[in-house]
Amino acid sequence: MTVTDDQSISPTQALQDLRRSIDNIDSALVSMLAERFRCTKAVGALKARYNMPPADPAREAQQIARLRKLAEDAHLDPDFAEKFLNFIIHEVIRHHEAIARQTAAALKA
């Protein structure tokens, strides 16, 4: 039984319960994204140190295919999941490019 099926609680209470759950999930998402970006920052530093390109189209394609499958298995729209990952990938590449510029500038100094 879900909170929306429970006739013993008011619609207002059910709404508050659902919103509390959403707030908790949003908190977890932000924490997970922060951890993901800490890892990708380290990848960017490694790539910059060894003069590797900021983007890796083959890896990105693998990740998109993997995430689409995970989304399908979780009954989430795979197109939405792909758009979400593409946004993250774009940000990661932007960060990697910035790290590469900073590393190059430090080497010239």
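Residues numbered from 1 in each chain as written. Predicted model: local features only at pLDDT ≥ 70, side-chain atom pairs only at ≥ 80, totals over all residues. Heavy atoms only, no water.

Q: Please set out the layout of surface pockets residue by residue, giving values where relevant.
A: By volume, the largest pocket amounts to about 450 Å³. Residue lining of the largest pocket: 15 residues in total, with Leu-29, Arg-36, Leu-67, Phe-84 and Ile-88 positioned closest to the centre. At the level of secondary structure, the elements contributing two or more residues to the lining of the largest pocket comprise α1 (11-49), α2 (57-73) and α3 (78-108). Classifying every residue of the lining of the largest pocket by side-chain character gives 12 nonpolar, 1 polar and 2 charged. Of the volumes computed, that of the second largest pocket is approximately 310 Å³. In terms of lining residues, the second largest pocket is bounded by 14 residues, among which Arg-36, Thr-40, Arg-59, Val-92 and His-96 are the most central. (1 Å grid on protein atoms, 1.4 Å probe; cavity = no way out; pocket = protein on both sides within 12 Å on 5 of 7 lines; lining within 4 Å. Points joined across faces, edges and corners; volume = space filled by probe spheres on them. Helix = DSSP H or I, 4+ residues; strand = E, 2+ residues; numbered from the N terminus. Nonpolar A, V, L, I, M, F, W, Y, C, P; charged D, E, K, R; others polar.)

Q: I'd love a proper account of the environment of Lys-108, names of residues and values included.
A: With respect to the secondary-structure elements, Lys-108 resides in helix α3. Note: C-alpha distance between Lys-108 and Ala-58 (50 residues apart in sequence) is 31 Å.

Q: Requested: an account of the pattern of salt bridges, with residues and values cited.
A: Tallied over the entire structure, the rule returns 6 salt bridges. A salt bridge links Arg-38 to Glu-35, with the nearest nitrogen and oxygen atoms 2.9 Å apart. In this pair, Arg-38 and Glu-35 both sit in helix α1, 3 residues apart, roughly one turn of the helix. For Glu-35, a relative accessible area of 40% corresponds to the partly exposed category. A salt bridge links Arg-94 to Glu-91; the shortest N-O distance between them is 2.7 Å. Remark: Glu-91 and Arg-94 occur in helix α3; sequence separation between them is 3 residues, near one turn of the helix. (Salt bridge = Lys/Arg side-chain N within 4 Å of Asp/Glu carboxyl O. Buried < 20%, exposed > 50% of the residue type's maximum accessible area, 1.4 Å probe, protein only.)

Q: Would you mind going over the UniProt feature "domain: Chorismate mutase" (unreviewed entry) in the chain in detail, with residue names and values included?
A: The UniProt feature table records "domain: Chorismate mutase" (unreviewed entry) at residues 9-100. Between the C-alpha atoms that bound residues 9-100 the distance is 56 Å, and the span itself is 86% helix and 0% strand. (UniProt positions renumbered as here; feature names shortened; annotations may be inferred.)

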